[in-house]
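# What the coordinates show
The primary structure of each chain is shown beneath.
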Amino acid sequence: MVKVADLGFSYPGGDFRLRVPALTLDDGERLAIVGPSGSGKTTLLNLIAGIFRPNTGRIDIAGTDVAALPDAARRRFRASTIGFVFQDFALLDYLTARQNILYPYRIAPGLRLDAAARARAEALAEASGIADKLDRHPEALSQGEQQRVAICRALVTEPKLVLSDEATGNLDPESKTRILDLLFARAEEAGASVLAVTHDHELLPKFDRVLDFAEFRQGRPA
Ligand code: ADP
Ligand code: MG
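Residues numbered from 1 in each chain as written. Chains lettered and ligands numbered in written order. Predicted model: local features only at pLDDT ≥ 70, side-chain atom pairs only at ≥ 80, totals over all residues. Heavy atoms only, no water.

## So, unusual backbone geometry
As a reminder of what qualifies: Secondary structure elements follow DSSP: runs of H or I no shorter than four residues count as helices, runs of E no shorter than two count as strands, and numbering proceeds from the N terminus. For every residue, the accessible area obtained with a 1.4 Å probe (protein chains only) is divided by the maximum for its type, and the residue is called buried under 20%, exposed over 50%, and partly exposed between those limits.
Its identity is not glycine, yet D6 carries a phi of approximately 50°, on the positive side. Note on placement: D6 falls in strand β1 (residues 2-10). The exposed category is assigned to D6, whose relative accessible area is 57%. In the Ramachandran plot, F89 falls in the positive-phi region, its phi being about 70° despite a non-glycine side chain.

## What to know about the site of ligand 1
Let me state the cut-off plainly: For this purpose, a residue is taken to be near a molecule or strand whenever a single non-hydrogen atom of the residue falls within 4 Å of it. Side-chain atoms alone can form a polar contact between residues adjacent in sequence; in general such a contact is a pair of N or O atoms within 3.5 Å, and within protein one must be able to donate a hydrogen while the other accepts it. Residue burial considers only the protein chains on display, and all accessible areas are found by Shrake-Rupley using a 1.4 Å probe. Each residue receives one of three labels: charged for Asp, Glu, Lys and Arg, nonpolar for Ala, Val, Leu, Ile, Met, Phe, Trp, Tyr, Cys and Pro, and polar for the others, Gly being one of them.
In the vicinity of ligand 1, the residues found are Y11, F16, P36, S37, G38, S39, G40, K41, T42 and T43. At 2.7 Å, a backbone N or O of G38 approaches an oxygen atom of ligand 1. Within the side chain of T43, a nitrogen or oxygen atom sits 2.5 Å from an oxygen atom of ligand 1. Protein contacts shield 58% of the accessible area of ligand 1, which totals 560 Å² for the unbound molecule. Partitioning the shell around ligand 1 into residue classes produces 3 nonpolar, 6 polar and 1 charged.

## What about the coordination of the magnesium ion (ligand 2)?
Ideal geometry at a metal centre: 109.5 degrees between donors when four sit tetrahedrally, and 90 or 180 degrees when six sit octahedrally. Keep this limit in mind: Listed donors are limited to N, O and S atoms within 2.8 Å of the metal, widened to 3.2 Å for Na, K and Ca; water is not among them, so incomplete-looking sites are possible.
Around the magnesium ion (ligand 2), the protein contributes the donor atoms T42 (OG1) and Q87 (OE1), which lie 2.0 to 2.5 Å from the metal centre. Taken together, the positions of T42 in helix α1 (residues 41-48) and Q87 in the loop between β6 (82-85) and α3 (97-101) put the pair 45 residues apart, joining distant regions of the chain. Taking relative accessible area as the criterion, Q87 reaches 41% and is therefore assigned partly exposed.

## Here we look at the pairing of strand β2 (residues 17-25)
Quick note on the threshold: Strands are labelled as partners when DSSP assigns at least two bridges between them.
The pairing of β1 with β2 spans 8 bridges and is classified as antiparallel. Bridging across to β2, F9 finds its partner in L18. The loop that links β1 with its antiparallel partner β2 comprises 6 residues; one of these, G13, has a positive phi angle of about 80°.

Here is the structure:
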């Protein structure tokens, strides 16, 4: 599903360097990334999602070299293939929870907002415990509720790859397990792979593989 090779990236003007010699994620695989703050985990997810472009190397997703795509094509590819749960949720204040969940349909030309998509949004909200909050704006939701909206938005398009950046960080222990189970169940139904950055060590046994980013960056391939 994902194949990263000889990846190099630095922020313009910054002194942080990310180097990823090799990283692969199989179809349907659930990989957790753990590692110290500032080690480049969020940067890597942004590169895989095609939000940033690497300076060197390749990132193949389902056989497409995303780094080589022009901007518009990369955005289209991302919207149709990848669900991203951002560390800071990235919800839009002026939209309700329901509109936020359905937002991918506003921006991706290839996605159709039909009855099935609306039903998926309702079902995801129900399963994650926010069905009664769908008409609220983010400001009227708790951090944990906003996080669930962000997770529903990442799953509503049935993406083949789910990238998740500390997606359970603001939830109580019971909700963490429930939300991760939901994410895995939906991913399995869609045949999707999951790449999740997490600090929740109690959740790690649920993953197929755990990558320690600190060790990994020393050059150990994964
Ligand atoms: P992590 O998610 O593992 O905490 P990040 O990928 O967010 O780490 O950050 C890795 C490094 O890149 C840090 O040193 C951070 O300060 C730096 N960094 C992150 N975003 C930017 C940016 N937009 N411009 C310059 N440096 C950045
Ligand atoms: Mg981060």
